[in-house]
Amino acid sequence: MTTVQMGRAMERLLPLGAPADGAWVAEPAVREALAEAARTVRGTVPARPRFGLVSAAAEAPFPVPPGGLPPGELGITLEFAAFAGGPAAAGRPLPELAGRLRTALLGAAESVFGLVVARVDLRVTELLDTPPDPVSPTPPPGRTSPPAPEDPAALAALAVPGVAALTDVFGAPLRRADGHLRVELAVTAGRRALDVARAARTAVTAAAPEATTVTVVVSELR
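One structure accompanies this document, and this report is about it. (Residues numbered from 1 in each chain as written. Predicted model: local features only at pLDDT ≥ 70, side-chain atom pairs only at ≥ 80, totals over all residues. Heavy atoms only, no water.)

**A look at the overall build of the protein chain**
So the rule is basically this: Secondary structure elements follow DSSP: runs of H or I no shorter than four residues count as helices, runs of E no shorter than two count as strands, and numbering proceeds from the N terminus. Partly exposed describes any residue whose relative accessible area lies between the buried limit of under 20% and the exposed limit of over 50%, with all areas from a 1.4 Å probe on protein chains only and scaled to the type maximum. By definition in these notes, contact holds between two residues if any of their heavy atoms fall within 4.5 Å. The Shrake-Rupley method, run with a 1.4 Å probe sphere, supplies the accessible areas, and residue values consider only the shown protein chains as cover.
Across its full length, the protein chain carries five helices and 10 strands. Classification of the 222 residues of the protein chain by burial places 44% in the buried group. Intrachain contacts of the protein chain at a sequence separation of at least 6 include 68% that bridge at least 24 residues. In the form shown here, the protein chain has an accessible surface area of approximately 10900 Å², with 56% of it arising from carbon and sulfur atoms.

**A word on the layout of surface pockets**
Keep this limit in mind: Each cavity reported here is a set of points on a 1 Å grid over the protein atoms alone in which a 1.4 Å probe fits but cannot get out, each pocket an open set with protein on both sides within 12 Å along at least five of seven lines, and each lining residue one with an atom within 4 Å of a point. Grid points are joined across faces, edges and corners, and a volume is the space filled by probe spheres set on the points. Amino acids outside the nonpolar list (Ala, Val, Leu, Ile, Met, Phe, Trp, Tyr, Cys, Pro) and the charged list (Asp, Glu, Lys, Arg) are all regarded as polar, and Gly is one of them.
Taken as a whole, the second largest pocket spans an internal volume of roughly 240 Å³. In terms of residue count, the dominant contributor to the lining of the second largest pocket is strand S3 (residues 44-46) (three residues). Broken down by class, the residue content of the lining of the second largest pocket amounts to eight nonpolar, three polar and three charged.

**Description of the nonpolar core**
How we decide: Grouping buried Ala, Val, Leu, Ile, Met, Phe, Trp, Tyr and Cys residues that are joined through side-chain atoms within 4.5 Å yields what is termed a nonpolar core.
Counting 50 residues, the largest nonpolar core has Leu-16, Leu-34 and Phe-113 as its most contacted members. Setting aside its immediate chain neighbours within four residues, Phe-113 contacts Leu-16, Val-25, Ala-29, Val-30, Ala-33, Leu-34, Ala-108, Arg-192, Ala-193, Leu-194 and Leu-221. Counting seven residues, the second-largest nonpolar core is a separate cluster that includes Trp-24, Val-169, Phe-170 and Val-217.

**Some remarks on the side chain of Thr-44**
Tracing the sequence through the fold places Thr-44 in strand S3. When neighbours within four sequence positions are excluded, Thr-44 is seen to be in contact with Ala-38, Phe-80, Ala-81, Ala-82, Leu-97, Leu-101 and Pro-132.

**Here's the deal with empty space enclosed by the protein**
Summed over the entire model, instances satisfying the criterion amount to one cavity of 30 Å³ or more. In this structure, the largest cavity spans a volume of roughly 50 Å³. Elements supplying a minimum of two residues to the lining of the largest cavity: strand S1 (13-16) and strand S2 (23-26). Taken together, the residues of the lining of the largest cavity sort by class into seven nonpolar, three polar and no charged.

Rendered as structure tokens:
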């Protein structure tokens, strides 16, 4: 495992969808996508969003992977500087800016990932005298994928539309332990992560009938 992989493996996994979906997504992937969505709101300079569990589900039908939060509803916290009011065209009232940020965050959480978000907390840290300069998104670093295991379950996952590759950020691409099978994968950008994870879990379950449970970890978008 490389130094970059070790750092990413220490990040948390956020529950994806409902408890019955048996899916998790890497926090860095969510943070990058939601930060990009927040940057589209003119007149604001958002910091990196943070995530926490608001309420855990009553039951967890699948084992939670290492570093994962239990299934449940998430909360998003975002601090931002704002250029509010003033004669410039970009100046808008703070409540309007906050509303636009909240809409952008919730929209990305749902349309890009399928996260269940119960609360968005926004905090203004600074009022700016001049409109902020637009920030260009940072291109994602080049990534490589490990060789796909010669395993029917791995091949079944790779055949699912929207699965870009199997990955090994949080462990082996395919991990079996005590009857449980966990598959780790990257999702093609533009595909909703939850939909792909559901389809992959269905395909892997059919290809590995000996597994008592199957879960999916989405490590990144590509």
